[in-house]
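# Structural characterization, general
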Protein chains: 2
Amino acid sequence: MVVNRIEQKCIQKGLRMTEQRKVIAQVLSSSHDHPDAEELYKRSNAINNSISLATIYRTLKLFSNNGILEKHEFKDGKSRYETVHKDHHDHLIDIDTGKVIEFQDEEIEKLQEKIANKLGYNIINHRLEIYAVKKNK
Amino acid sequence: MVVNRIEQKCIQKGLRMTEQRKVIAQVLSSSHDHPDAEELYKRSNAINNSISLATIYRTLKLFSNNGILEKHEFKDGKSRYETVHKDHHDHLIDIDTGKVIEFQDEEIEKLQEKIANKLGYNIINHRLEIYAVKKNK
DNA sequence: TTATATGCAAAACATTTGCACTTGA
DNA sequence: TCAAGTGCAAATGTTTTGCATATAA
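One structure accompanies this document, and this report is about it. For every chain, the first residue of its written sequence is number 1, and the numbers climb from 1 along that sequence. Here chains are named by letter from A upward and ligands by number from 1 upward, in the order in which they appear as written. Totals for whole chains, interfaces and linings use all residues, but because this is a predicted model, local features are given only for residues with pLDDT of at least 70 and pairs of side-chain atoms are given and counted only at 80 or more. With hydrogens and water set aside, each side-chain value is computed from the structure's full complement of heavy atoms.

## Topic: the pattern of salt bridges
By salt bridge we mean one thing: a side-chain nitrogen of Lys or Arg within 4 Å of a carboxyl oxygen of Asp or Glu. Per the stated rule, a full pass over the model turns up twelve salt bridges over all chains. With a closest N to O distance of 3.8 Å, A:K78 and A:D36 form a salt bridge. Linking A:K78 in the loop between strand 1 (69-72) and strand 2 (80-83) with A:D36 in the loop between helix 2 (19-29) and helix 3 (37-47), this pair joins segments that are 42 residues apart in sequence. Throughout this description, buried means an accessible area under 20% of the type-specific maximum (1.4 Å probe, protein chains only), exposed means over 50%, and partly exposed covers the range between. Look at A:K78 and you get partly exposed, because its relative accessible area is 45%. Looking at A:D36, the relative accessible area reads 15%, which means it is buried. In this structure, the salt-bridge partner of B:E129 is A:R127, at a minimum N-O distance of 2.7 Å. Here B:E129 is found in strand 5 (residues 121-134), whereas its partner A:R127 is found in strand 5 (residues 121-134) on a different chain. Note on accessibility: B:E129 and A:R127 belong to one class, buried. Secondary structure elements follow DSSP: runs of H or I of four or more residues count as helices, runs of E of two or more count as strands, with numbering from the N terminus.

## Observations regarding the sheet that holds strand 3 (residues 90-94) of chain A
Picture the strands of a sheet paired through backbone hydrogen bonds; they go either parallel or antiparallel. In spatial order, the strands read 4(A)-3(A)-5(A)-5(B)-3(B)-4(B); together these six strands make up an open sheet with mixed pairing. This sheet does not close on itself; its edge strands, each paired only once, are strand 4 (100-103) of chain A together with strand 4 (100-103) of chain B. Strand-to-strand, the axes of this sheet are offset by a mean angle of 25°, without reference to chain direction. Any two residues whose heavy atoms approach within 4.5 Å are treated as being in contact. The convention used is that axes are lines fitted to C-alpha atoms, helices contributing only their stretch in contact, and that angles between N-to-C directions extend from 0 to 180 degrees. Its contacts with the sheet put helix 5 (residues 106-118) of chain A on strand 3 and strand 5 of chain A together with strand 3 (90-94), strand 4 and strand 5 of chain B, and the angle it makes with strand 5 of chain A is roughly 135°. Pairing between two strands is assigned when DSSP locates at least 2 bridges connecting them.

## Let's talk about the protein's contact with DNA strand D
In the vicinity of DNA strand D lie 19 residues, with A:Y57, B:T18, B:S50, B:S52 and B:T55 positioned nearest. It suffices for a single heavy atom of a residue to lie within 4 Å of a molecule or strand for the residue to be listed as near it. Near-protein atoms of DNA strand D (within 4 Å) split between backbone and bases, with sugar and phosphate holding 70%. Pairing of N or O atoms within 3.5 Å defines a polar contact, subject to two protein rules: one partner must be a possible hydrogen donor and the other a possible acceptor, and residues neighboring in sequence count only if both atoms are side-chain atoms. A:R58 is positioned such that a nitrogen or oxygen atom in its side chain is 3.5 Å from a base oxygen of DNA strand D. Note that a sugar or linking oxygen of DNA strand D is positioned 2.8 Å from one of the side-chain N or O atoms of B:Q20. Taken together, the elements giving at least two residues each to the surface near DNA strand D come down to helix 4 (53-65) of chain A together with helix 2 (19-29) and helix 4 (53-65) of chain B. Looking at which element gives the most residues to the surface near DNA strand D, the answer is helix 4 of chain A, with four residues. Following the grouping adopted for this structure description, the nonpolar residues are Ala, Val, Leu, Ile, Met, Phe, Trp, Tyr, Cys and Pro, the charged ones are Asp, Glu, Lys and Arg, and the polar ones are all others, Gly among them. Classifying every residue of the surface near DNA strand D gives five nonpolar, seven polar and seven charged.

None of this, on its own, says anything about what the molecule does.
The structure is reproduced here in structure tokens:
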């Protein structure tokens, strides 16, 4: 099997590549949505059924802590994950379908910096989520 | 006891004013921070110790559904509440202390409208939280 | 070889709920 | 009076953890 992008990053970071982590890395690499732990458990198990939910959680935490994954907690009660891109972006969540749309806006980023600065703070990170419905329905 | 602002709103909405709700309304009226359920339970119990945590949760949900309270889920795992103001605002959370600072920025609001529109959506609500640390520490 | 990772089941944690009892209007 | 609210304890759903076993390097 070709070594996927996530697995490459793991090796780069010196993480021990177990069979389970390889499968989870593969699943994440080929997922272009924002799955939750349960969903990743299902997808991983379809490939190798000796992966427990506990390992999914432990691996997701490991990958997040190593800057390989980003964890999001949208207003649906469960954490969802996506692979880290080069470019920062925020999210618009379709309330009706749960679909997540990514967007970027340099101006909003700058405005946030300005606001934090004015309040005497340095931004560590932020969360901007727009909950919306499709027009003309 | 003088009827507080929250209690007034409850009466306006036709909510039945039980002893427990009066106490919780009073606590909320005099709280100018963003307490979680456990904290509100403590504060309410200090006034009247016949209030259960279940009632706190039920009341918080009731008040939220009636537009009396706003519920926030910052990245600390528990929901926090604040009384609804006239003016919309967003939050900056001090990572070190947990302190929450409110801010308003008309420009950011407009930009979000613009982005959603461009994507073909109408905004229902949004969440903008800046996680930051104090400068010059 | 051995520090680290895993599976399993139990625990943790915030929140919700069923049920018998109480209370506000 | 009686629909609605409450306390209590048990249940929930997601995530974490202790421990004995397995495995990568």
